[in-house]
Amino acid sequence: MSPWLLVGVIVVSTTIGDLLQSREMKRHGEIHNLHPSRWGGIVAGLARRRNLILAVFFMAVSFFAFLTLLSKTDLSFAVPATAASYVVETALAKYVLKERVSPQRWLGAWLVAAGVALLAL
Amino acid sequence: MDSGAARLRVKTLAASLVVVLANVSGNFLMGWGLKHGAPLSASPLSYLRVLFDPFVAGGIALLVLWLLSRMALLSWADLSFVLPVTASGYVLNAALGYLMLGEYVSPLRWAGTVLIVLGTMLVGVTSPRTTS
């Protein structure tokens, strides 16, 4: 599989996984205590959420595609090239998750996307 | 800024730092393990062998920490906030690739890191949560 096809798989699966994860975590409610002794309980609670399992599945697809990409290209190419989804994810956060994306936040997202594009050159 | 908003900001920035450091160190260990360990082929056995490489396994452990801390962060902060703010990890990734893995980082890539830092700072000063 060509590196750019792998990048496509990673971007699509990461976007779907992020949207599902963000929506489901908001439904779950704020996690207050991040002490390692609480992780078991937190994971057990999260594991009962179907959409979160689906999000982790898409992240796993992204992970194994990323592992394959890392074996074919440099780390300094693989990591930034897979971040092409910043602007798309910001737009989907606005329209799907109903977040208020201010012009400042849009500019920040575009700068990050441009920076990532430069990193991939 | 009231105390609730200040507390939210401090908590968000602390969690973002954990997310970034776990991700960068996890990716670095995986990159190191894949470069210096057994070569990866199309065979599923090859993937299993690579997963038991100490560096790759350490990288995976750190990426599990990244996943949990990111889920916690997303339980209160916007996705459109979390994505650009945690992108600061790309800068550290480029620096680690250059310093530890001997990868070439061109002036354009360094310019890219500056843009990412600017974007991260712009988003970082906005309110982490805009939904109820």
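This text goes with the structure placed above it.
Model, not experiment: these values are computed from the prediction.

Concerning the overall build of chain A
Stage number 1. The number of helices and strands found in chain A is 6 helices and 0 strands.
Stage number 2. Its helices and strands taken in sequence order, chain A reads α-α-α-α-α-α from the N to the C terminus.
Stage number 3. Taken along the three principal axes of its C-alpha coordinates, chain A extends 40 × 35 × 25 Å.
Stage number 4. For chain A, with 121 residues in total, the buried portion stands at 43%.
Stage number 5. Expressed as a percentage of contacts within chain A between residues at least 6 apart in sequence, the contacts between residues at least 24 apart total 78%.

Side note on the overall build of chain B
Stage number 1. Secondary structure assignment for chain B yields 6 helices and 0 strands.
Stage number 2. Helices and strands appear in chain B in the N-to-C order α-α-α-α-α-α.
Stage number 3. Principal-axis analysis of the C-alpha atoms places the extent of chain B at approximately 55 × 35 × 20 Å.
Stage number 4. Looking at chain B residue by residue over its 132 residues, the buried ones come to 45%.
Stage number 5. Long-range pairs, those at least 24 residues apart, make up 73% of the contacts in chain B with a sequence separation of at least 6.

What counts, and where the lines are drawn
Residues numbered from 1 in each chain as written. Chains lettered and ligands numbered in written order. Predicted model: local features only at pLDDT ≥ 70, side-chain atom pairs only at ≥ 80, totals over all residues. Helix = DSSP H or I, 4+ residues; strand = E, 2+ residues; numbered from the N terminus. Buried ≥ 20, exposed ≤ 12 C-beta atoms within 10 Å, placed from the backbone. Contact = placed C-beta atoms within 7 Å.

By themselves, these figures tell us nothing about what the structure is for.
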